[in-house]
Each structure stands twice: as structure tokens, then as C-alpha cells.
Amino acid sequence: MPTTSANCLTPDSNGLLWICTNAGLVRFDGSRFHVFGPQEGLPSGRVLGFVISRRGGYWVTTDVGVCRLPPGSKVGDKCEPLSSEKGEYLTEGLVELEDGTTFIATRDRVFRASAAGHVLEPTTFQYDPHFRLVTMAALRDGRMLIGTETGLLVWRNGEKPQRAGGNQLREGLRHIRIASHESAPGVWEESAWISGAEGLFRMTLRGGANDRLERVAPELADPLCAVPRRDGSVWMSSALGISQLAPDANGRLHETRRYTIREGLPASAVDDLVEDSQGNLWGVTDGSGLFRLARGGFTTYTGEDGLGSARISSVFEDLQGRLCVTVSTKRSDATNFRVFERGRFQAVNLGHRSGWGWNQFGFQAHDGEWWFPSGEGLYRFPATSNPTDLPVRHPVALYNAASGLGGAEVFRAFEDSRGNVWISTLGRECQLVRWERKTGTFHRISDEDGWPRGEIVSVIRESSSGTFWIGTFRYVIRIRNGKVDVLSPFPEEPPSYVRDLLLDHSGRVWVATARNGLYRCDDGDAAAPVFRNYTARQGLSADSVRCLTEDNSGFVYAGTIRGVDRIDPRAAITDRSIRHFTPADGLPDSEQNVAYRDRRGHLWFGSLNGLSELDPSVDTSATPPQIYITRIRSRGVDIPLPWEGVRQMAVSLAPDRNQLEIEYAGIDLRSVASLRYQYRLTGISSDWSEPTEQLSVNYTTLPVGRLGFEARAVGADGQVSPAVSLAISVQAPVWRRGWFLSLAGLLAVAAGSLLYNYRVRHLIAMERLRTRIATDLHDDIGASLTQISILSELARRNLSRDTLSDVADLARQLVEDMSDIVWAVNPRHDRFDALAHRMRRFASDMLADRDLEFDALSLPADLKIPLEYRRPLFLIFKEAVNNVARHSGATAVLVRLALKGSALKLMVQDNGGGFDTSARLDGEGIGSVRKRVRDLGGSAEWKSDPGHGTCFEATLPLG
């Protein structure tokens with residue numbers, strides 16, 4: 001709860017409880033409180049009233065106006081007030097008639113919601129403006145009851161309001177509750193329960209003048225509200241608590257029981273009461289919170305009921321069926337024995353120190369005598385039918401070390417079917433002693449009988465066959481036909497500490513341990529009995545089990561440190577068929593100490609803070625309730641849901657939103673401690689999860705595709721609720737979608753084709769390059785070698801200096817050509833700086849006597865020059881420089897290399913004599929240059945005029 005006060009309580013048919021608070025609208029599903037405020041779409045955080053519309057959806061009254069949430073509204077949808085009309089809206093000031101017409105009241109006016117439900121319209125209601133309106137309720141015949149500060153009005157829209165009740169209802173009206181039931185098919189009887197400063201009134205509504213008003217339970221003053229319940233009873237709250245009313249012999253209602261702080265109310269004054277769809281009564285106090293009065297729950301008795309400290313140490317009955325209780329205190333005294341009579345526990349002073357034992361710590365024997373363990377020995381009192389007479393009776397005997405018992409600190413005492421008394425003592429040597437009734441003598445069970453030395457006996461039970469089952473700190477011991485069998489079904493260390501034993505009606509043996517849960521043996525008469533273990537893994541509320549009992553239906557009840565667990569012995573241990581009872585069901589405390597079943601079949605559980613009574617025949621269990629998905633979050637962002645939750649829904653998640661957290665809950669306003677849940681994600685696995693108390697599941701990375709989430713509730717009796725379902729569609733990333741994959745396939749095919757074509761072109765280019773190099777080698781080198789061969793033959797026949805000189809020239813030219821080819825194909829010369837260096841050196845050698853400017857600074861040194869471009873470019877350059885050196889007569893030459901886009905631009909300019917570019921030239925140089933440039937996909941141009949020098953420009957694409 002966001003606050004400890006509430007303005008209204010409204011249960012719905014789904015099992016939810018809606019609570020109006022000054023901190024928002026609260027939805028309670030039995031497990032969690034969900035708070036809704038302005039961030040969720042409400043006009044204000046101060047919620048005064050909440051009404052479930054007959055047409056679906058909800059009406060919400062806030063301090064700034066009334067708004068309507070139509071059917072299908074989701075959390076986060078804006079709920080706009082119907083009007084900007086200012087006024088003090090009433091907590092119980094919104095009613096909806098049978099035909100769906102809605103009326104809304106402020107302190108001084110009544111409005112009608114328009115048919116579309118968007119605005120407030122004025123009505124014919126007129127009343128003394130000095131007297132403010134307090135509450136309003138609708139009747140089946142279209143009339144309305146309106147409570148004011150000065151009395152009760154009956155009003156129908158279009159008519160004038162009429163006073164009702166005469167002088168009986170004059171002031172201080174607080175609440176009006178309408179009760180109706182179908183007395184015959186189509187015949188409805190209706191009554192109004194009106195609470196105010198003058199008392200509680202019932203108005204039988206028969207139409208106009210036939211309406212009859214009467215005061216109910218005149219002995220009860222100043223009621224705050226009244227609730228007519230489905231079972232016909234009426235419950236009224238006041239400043240003194242809650243009163244249950246029932247008719248007397250004359251049919252007049254009178255108080256039959258009152259609930260106050262003593263019975264567990266958080267405060268005396270209860271502002272509002274409502275009954276939910278399961279018959280539970282809910283109330284709210286001003287500042288002390290919300291509470292539930294469960295139908296068929298526990299009735300608790302505490303120190304205020306005469307139990308003193310209320311630390312319950314044992315519970316048993318006398319021969320007349322009176323309930324007897326021993327309690328323990330920090331100091332042992334003589335008033336630790338209590339007898340339950342006339343609704344209270346009466347203290348009985350036994351006159352001795354009671355000791356510190358518990359469980360089997362007192363009994364009335366079959367002959368009427370009373371036996372009480374103490375720190376002084378075992379007291380035996382004479383027979384009496386009334387235990388309250390014990391203080392005036394002297395003990396028949398005190399058995400201790402001096403009288404043959406062997407010890408004074410008695411820990412347990414138990415009478416068997418033969419009337420013998422089994423006694424457990426503490427001291428230097430812990431003993432188990434049997435007192436024989438026939439002889440009046442004590443017999444010690446010793447190690448000679450097979451008894452484990454030093455074991456402390458904590459509980460003694462006898463089966464119908466006469467077998468004794470005894471629990472100690474370490475063992476379960478069976479004594480059958482005088483033979484002692486020491487059984488140890490527990491882990492060796494630490495000691496399990498047997499707290500209680502139960503022999504049920506089917507002969508099963510149940511063992512409660514303080515550390516290792518509950519053990520069950522179905523073959524107690526076998527030579528080697530088999531024990532099976534219940535722990536928290538099998539559904540127990542805790543592994544520390546303190547006490548055991550059985551109801552008349554065969555269910556076993558285990559008191560633990562976390563409440564009471566009801567176990568169905570007919571179910572397999574793995575079925576976890578265990579129902580949990582907690583303080584939410586009326587237990588005064590979680591930690592239980594002792595348990596007992598009386599002759600009526602009622603169960604009693606004693607804790608350190610009180611005693612609880614349960615009538616198991618009033619079984620409130622039912623089929624597990626419907627469960628709802630209450631929240632869905634994807635990557636931390638809430639997905640809007642209807643206000644009440646959802647049972648079926650579909651969500652679509654983007655590829656980057658595939659994390660999903662889902663919360664769910666069984667909608668059950670009873671205690672839901674016994675509910676467990678299963679879930680599964682279809683599309684991944686068809687198996688349900690193990691039952692768990694977990695109310696949410698988080699999927700961190702959902703796979704792409706269509707999935708289905710399902711969850712269901714499992715009751716303690718194994719019944720399974722219908723499942724909720726969430727259809728989940730996780731979209732694939734763009735790169736995994738069909739159209740993208742198709743496009744990617746086409747692109748891959750295109751890329752492969754381009755790559756193949758490129759590879760083919762590259763291979764062709766390489767083949768052309770090889771062919772070009774081979775051609776160069778064949779043409780240039782081969783021709784030169786042939787010429788050298790001819791000249792050498794001529795020189796052999798006719799030695800001539802000129803011939804030898806020609807051979808030498810050809811050889812040098814051949815070496816130079818070979819050097820050019822080898823240099824061009826060397827991959828170390830791919831970078832431009834190597835080419836520029838060779839070009840500069842060649843130009844310097846050829847133009848040594850001229851003024852040479854070589855400009856290549858604008859080109860990056862690491863510019864790549866492909867192999868197929870390197871030698872042709874160098875040859876073009878050489879031809880241009882040779883032409884300048886041989887024919888231009890220039891004195892200055894400029895060589896410039898630059899990038900123009902992705903093309904390399906070469907310029908060779910001189911100041912020589914020039915030539916006529918239009919004249920036919922006999923040399924092969926210019927034609928050769930044009931061919932080389934054209935083969936590389938470039939262009940060549942000569943700009944020259946006679947007497948004005950020549951400029952050669954070549955543009956070669958590098959890509």
C-alpha cells in the first residue's frame with residue numbers, strides 16, 4: 001500500500017480489489033499492490049472513488065474531476081475529466097443506473113454524464129444549499145438515495161427530491177449500502193443499509209410510500225458503515241471495532257460477536273468494509289492500513305483471552321472434552337496451566353514450578369487423575385472432573401530421584417493404552433522411564449535393552465498395534481514386543497532433532513525434525529522401514545518442522561517456523577501438494593510450537609504469541625483462480641496493458657527489443673501463499689517448468705520467429721488453472737528478412753559476375769602485358785641482336801672501325817632497353833617516386849646542356865603506378881625528351897607531372913624552334929607516342945608554332 005489510509009474499497013468480479021488513496025489508484029491481486037497515478041493517465045494522484053461501469057470500463061473520481069476509462073483502455077491512456085466544473089466531489093458520489101445513466105455528485109450539486117460520457121450536464125436536483133451532500137446510492141427502479149448532513153433524500157431525475165425517514169434520520173449520515181436478491185424469478189427485493197450518527201437503519205424499498213424504515217441493533221451506537229453479506233448476515237463497523245449481527249427469535253438483529261484490536265484488528269475504528277467475490281471481508285482504517293477477515297480462517301487467542309504470556313507449550317483435552325493448555329514464561333511459576341471455558345482461558349494454580357518442557361507436558365489419565373511434569377519431578381494429582389478444582393487438591397505423589405524416578409527435571413510424560421506412564425528426564429544422565437500402573441514401579445529403558453545411551457527423548461507415540469515410536473535428538477526409535485530398534489533416516493551431522501511424531505489413521509509414521517524437514521514412513525511394521533523426506537524443495541514452507549497433527553479427512557498439518565503446511569498424503573511427494581497457512585490467514589505468529597486435534601475435529605496450533613483454532617471442515621479451498629499477466633516490459637520499457645491485466649495478448653518485438661520480462665499473478669484475495677506457478681515458452685520447449693512461487697520470468701534474448709508464452713497456477717491439491725497466453729513475434733533484423741536476403745543474393749550474384757569479369761579483364765590485361773613485353777623483347781631486343789649478328793659477320797669478313805662502332809652502339813642500346821624492361825616489371829618500382837627518379841635521371845642525361853626544370857612535387861610519393869602503365873609511360877616520356885634533345889634546339893625545358901582527377905597528366909615544354917603541327921611529319925616518334933597513349937586509353941596533344949617552342953601533353957587514366 002502506498003499509504004495507510006484509503007478513500008474507497010471496490011472489489012470486482014475478477015477477484016481484484018481496487019483501493020482509492022491519496023497517493024493513487026491501487027490494484028491488489030492478492031500478491032502485489034500496483035499503484036497508478038498521473039504517469040499512468042489519471043488526472044490526479046488523489047483518487048476519491050472508483051466504480052466499475054455496467055457498460056464495461058471504469059469511472060474514476062479524483063479531486064479534480066471525474067473521468068471514464070472505456071472498455072479496452074490500457075494503462076497510460078489519458079483519462080480526461082468530463083468537465084472543468086469545480087467542486088468537492090464525493091467519495092461515494094458516483095452511481096450508475098440499470099440503463100447505464102451515470103450521476104455524479106459534489107457537495108452541493110448533482111450532475112449527469114452525457115450519453116457519450118465526455119461532459120457533465122446539469123440535472124433538476126435542487127436542495128437547500130446550506131446543507132451539504134454526503135453520499136449517494138442507486139436503486140433498481142431508477143431512483144437514488146442521497147444522504148445529506150440533515151437527513152435522507154429520495155430523488156429521481158426530472159423530479160423534486162423528497163425527504164425519507166421522517167424524524168428518524170435527521171443528521172450525520174455517513175454511508176448507504178444497497179442489498180438486493182432475487183426472491184423469485186424476475187422478482188427482486190431490495191433494501192438499503194444506512195449508517196449515521198443516530199444509529200444503523202434498514203430501509204426496505206417497495207416503491208414510494210411503501211418504503212419502510214427501521215432502526216437495527218439499537219444497542220449499537222455511532223456506526224461508520226454496514227455491509228449486508230451474501231450469507232444473510234450483516235457486519236457493522238464503528239469506533240469500537242466490527243460487530244457481527246444476526247436475527248434473534250423475533251427476527252430483530254442484535255450483535256452476536258465483536259472484533260476488536262484483541263482479535264487482530266489494526267485499529268479500533270474501521271472506516272469502510274466491503275465483501276469480495278470469495279466471501280472475504282475487507283476493511284480499512286485511518287492510518288493503520290488494510291486488513292482482511294477471512295471466511296473459514298483461523299481464530300486466534302492471545303494473552304488478552306487469559307493465556308498470560310501466550311507462549312504455548314502444550315495443548316490437550318480432559319476426559320470431558322475441555323481444552324487444556326500449558327504456557328511458558330521467562331520465569332516458571334504456578335499459574336502456567338489454563339482451561340478453556342466460556343470463551344476464555346482460566347488460570348489454574350497448581351502450586352509448583354512447571355519446568356521448561358513442552359509438547360507432551362501434562363495430561364489427564366484414563367482414570368481421571370492429573371499428571372504434570374515440572375522441574376521438581378512428576379506431579380500426580382487425584383481424579384477430578386473439573387481441573388479448576390486442582391488447587392484445592394493435594395498431589396497423590398511427586399515422583400523424582402528420591403522416589404525412584406531417577407531424576408527431578410521431567411521433560412515429557414505420556415500415558416499409553418495400558419495406563420502406564422512413559423517419562424523422559426533430564427540431568428546428568430538423560431533417561432526414558434516407564435511407570436507400571438499395576439505395580440507402581442519404574443522401569444528404565446537402558447543400553448542393555450538396545451537404548452542409545454544419553455539420548456534425550458522429545459516425543460513418545462503409540463500405534464494401534466501397541467508399537468511405540470519415540471523421537472530423540474538423533475534417532476527415531478521403535479519399541480515393538482519389547483525389542484528396541486534404533487532407526488536413523490537422517491544425516492549424521494548436525495543432529496536433526498526430532499520435534500514431533502504423528503501416527504496417522506492409515507498407520508503412516510510422520511517425523512518432524514528441526515533441521516531436515518519432514519519424514520514419512522509408510523511401512524512402519526517392516527523390518528527395515530523406509531523413510532521419505534519432505535523439504536522446502538518438495539514444497540514445505542521451511543525445513544524446520546516443529547509439530548504435527550491430522551484432520552478428520554486425513555490431511556496432515558505440519559507446523560513450521562513459517563506457518564502451517566497442509567499435506568495431502570495421497571499425493572506423491574514430488575507433486576508438492578502442500579497448502580500453506582500464514583499470519584495472513586489469522587495465525588498469530590509464523591513460528592509454531594505445538595499442534596493438537598480435539599474431539600470435534602478442530603485443530604489447535606500453539607506458537608510463542610498465541611493459540612489458533614482451525615475448523616478444517618470450513619474449507620475455503622477451491623479451484624486455483626484465474627491468473628492474469630499484470631506487466632510486460634521490453635528492454636526496461638512497459639508495454640501498455642488493460643488496467644485489470646490481460647489473459648490473452650499478442651506482442652511484436654523489434655530485433656533490438658527481444659528482451660522480455662513478464663509478470664503474472666493468481667487473482668485471489670484469499671491468502672495466495674499456497675499457489676505455485678508453471679510457465680513455458682512454446683516454440684522453444686513444450687514442457688512446463690517446475691512449480692514455483694516466482695511471479696515473473698525474464699527472457700534475456702528471444703530468438704527470431706513466432707513464440708508463445710503460457711503460465712498457469714497450481715493449487716496445493718494439484719488442481720491447475722486455465723493458462724494465460726502471450727503470442728510473441730520477434731522480428732528478424734533487416735539483414736535476415738526475405739526481401740533483404742533475396743536482394744543480397746542478387747547483389748552477390750552481380751558482385752560475383754563483376755568480380756569474374758574483372759578477373760577476366762585482369763587476366764586479359766596481364767596476357768596483353770605479357771604479349772607486349774614479349775613483343776618488345778622480340779621486336780626491340782631481337783631486332784638489335786639480329787643487326788649485331790649481321791654487323792659482326794661483316795666485320796669478320798671486312799674489318800672496319802665503323803662497323804665495330806655500330807656494334808658497340810647497338811649493344812649499349814640493347815642494354816638500355818633491357819634495363820628499361822627489367823625495371824618496369826620489378827614490383828619494387830610500383831611507387832611513383834621510383835618512376836619519377838628514373839624519369840628525372842633520364843631527362844638530366846639527355847638534356848645536360850640545357851636548363852631543365854622537373855616538377856612532380858604535387859604528386860604523392862606513394863602513388864601506385866600499375867605495371868601495365870609504367871613502361872609505356874616511361875617510353876612516351878623518353879620519346880618526348882628525345883624529340884626535344886634532337887630536334888628542338890631549345891635552351892630550356894619544363895617537365896611537369898600532375899594528377900587530374902584519377903588521371904596522370906604529363907607535360908614536356910621547350911622554348912625551341914617549334915614545328916608546324918598541321919604539316920606531315922616523316923618521323924615515327926609522334927605516331928609511336930600516339931599509339932602508346934591510345935592503347936592506354938589516354939590522349940596526347942602537341943601545341944607548337946614555328947619559332948615559339950613546343951608543348952607536349954599526355955593524359956593517362958590510372959584507374
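Since we're looking at a predicted model, the values are computed, not measured.

About the thresholds
- For every chain, the first residue of its written sequence is number 1, and the numbers climb from 1 along that sequence.
- Where local features are concerned, this predicted model is filtered to residues with pLDDT of at least 70; where side-chain atom pairs are given and counted, the filter is 80 or more; whole-chain, interface and lining totals use all residues.
- Side-chain metrics in this entry use all non-hydrogen atoms of the structure; hydrogen atoms and water are not considered.
- Here, strands pair whenever DSSP counts at least two bridges between them.
- Only DSSP runs of H or I reaching four residues or more are called helices, and only runs of E reaching two or more are called strands; each is numbered from the N terminus.
- To get an axis, a line is fitted to the C-alpha atoms, and for a helix only the part in contact is used. The angle between two axes follows their N-to-C directions and goes from 0 to 180 degrees.
- In these notes, a set of buried Ala, Val, Leu, Ile, Met, Phe, Trp, Tyr and Cys residues joined through side-chain atoms within 4.5 Å is what counts as a nonpolar core.
- Between buried and exposed lies partly exposed: a residue is buried under 20% and exposed over 50% of the maximum accessible area for its type, with that area taken using a 1.4 Å probe on protein chains only.
- In what follows, residue pairs with any heavy atoms lying within 4.5 Å of each other are defined as contacts.
- Count a disulfide wherever a pair of cysteine sulfur atoms falls within 2.5 Å.
- A helix is expected to span 1.5 Å multiplied by its residue count minus one.
- Any two of the Phe, Tyr and Trp rings considered here, Trp counted by its six-membered ring, make a pair once their centres fall within 6.5 Å; the pair's planes then place it as stacked at under 30 degrees, edge-to-face at over 60, or tilted in between.

**Some words on the sheet that holds strand S21 (residues 234-238)**
Remark on secondary structure: sheet strands pair via backbone hydrogen bonds, oriented parallel or antiparallel.
Now for step 1: Taking strand neighbours across the sheet as the criterion, the four strands line up as S20-S21-S22-S23 in an open arrangement whose pairing is antiparallel. Each end of this open sheet is capped by a strand with a single partner; those strands are strand S20 (223-228) and strand S23 (253-259). Recorded for the sheet is a direction-independent mean angle of 25° between the axes of neighbouring strands.
Now for step 2: Where S20 meets S21, five bridges bridge the pair, whose relative direction is antiparallel. Along S21, the bridge assignment pairs Ala226 with Met236.

**Brief notes about the nonpolar core**
Now for step 1: Phe832, Met839, Phe877, Leu897, Leu906, Val908 and Phe952 are the most contacted members of the largest nonpolar core, which totals 36 residues.
Now for step 2: Where this core is concerned, the elements lending two or more residues are helix H3 (832-846), helix H4 (867-888), strand S64 (892-900), strand S65 (903-910), helix H5 (925-935) and strand S67 (950-957).
Now for step 3: Here this core gets nine residues from one element, more than from any other, and that element is H4.
Now for step 4: If near-sequence neighbours (up to four positions away) are discounted, Phe952 is found in contact with Ile876, Ala880, Leu906, Met907, Val908, Val929, Ala940, Glu941 and Trp942.
Now for step 5: Of all hydrophobic cores here, the second largest spans 28 residues; its members include Ile627, Leu653, Tyr679 and Val724.

**Examining the state of the cysteines**
Now for step 1: One pass over the structure, following the stated rule, counts two disulfides.
Now for step 2: Residue pairing for Cys8: its cysteine sulfur links by disulfide to Cys20, the two sulfurs lying 1.9 Å apart. Looking down the S-S bond of the Cys8 and Cys20 bridge, the torsion is 45°, so its handedness is right-handed. With a gap of twelve residues between them, Cys8 in strand S1 (residues 8-11) and Cys20 in strand S2 (residues 17-21) connect regions that are remote in the sequence.
Now for step 3: Residue classification places Cys8 among the buried positions, given a relative accessible area of 7%.
Now for step 4: For Cys67, the disulfide goes to Cys79, at an S-S distance of 2.0 Å.

**Some remarks on the environment of Met839**
Now for step 1: Examined against the element boundaries, Met839 turns out to sit in helix H3.
Now for step 2: Judged by its relative accessible area of 0%, Met839 is buried.
Now for step 3: Linking Met839 and Phe854, residues 15 residues apart in sequence, is a C-alpha distance of 9.2 Å.

**With respect to H3**
Now for step 1: With 15 residues, H3 extends 21 Å between its outermost C-alpha atoms, agreeing within 8% with the 21 Å of an ideal straight helix rising 1.5 Å per residue.
Now for step 2: Buried within H3 we find Phe832, Ala834, Leu835, Ala836, Arg838, Met839, Phe842 and Ala843.

**Considering the packing of aromatic side chains**
Both the distance between ring centres and the angle between the ring planes are used here to describe each pair of aromatic rings.
Now for step 1: The final tally for this structure, using the stated rule, is 39 aromatic pairs.
Now for step 2: Both rings, one in Trp18 and one in Phe50, keep their centres 4.8 Å apart while their planes meet at 20°; by these two values the pair is stacked. Placement of the pair is Trp18 in strand S2 and Phe50 in strand S5 (residues 47-52), with a sequence separation of 32 residues. Side by side, Trp18 and Phe50 carry an identical accessibility label, which is buried.

**Overview of the sheet that holds strand S4 (residues 33-36)**
Now for step 1: Read across the sheet, four strands follow the order S1-S2-S3-S4 without closing on themselves; strand pairing throughout is antiparallel. A strand with exactly one partner marks an edge of an open sheet, and here the two such strands are S1 and S4. Taking each pair of neighbouring strands and ignoring which way they run, the sheet shows an average axis angle of 20°.
Now for step 2: Both S2 and strand S3 (residues 24-28) contribute to a ladder of five bridges, which runs antiparallel. From the neighbouring strand, Cys20 faces S3, where its bridge partner is Leu25.

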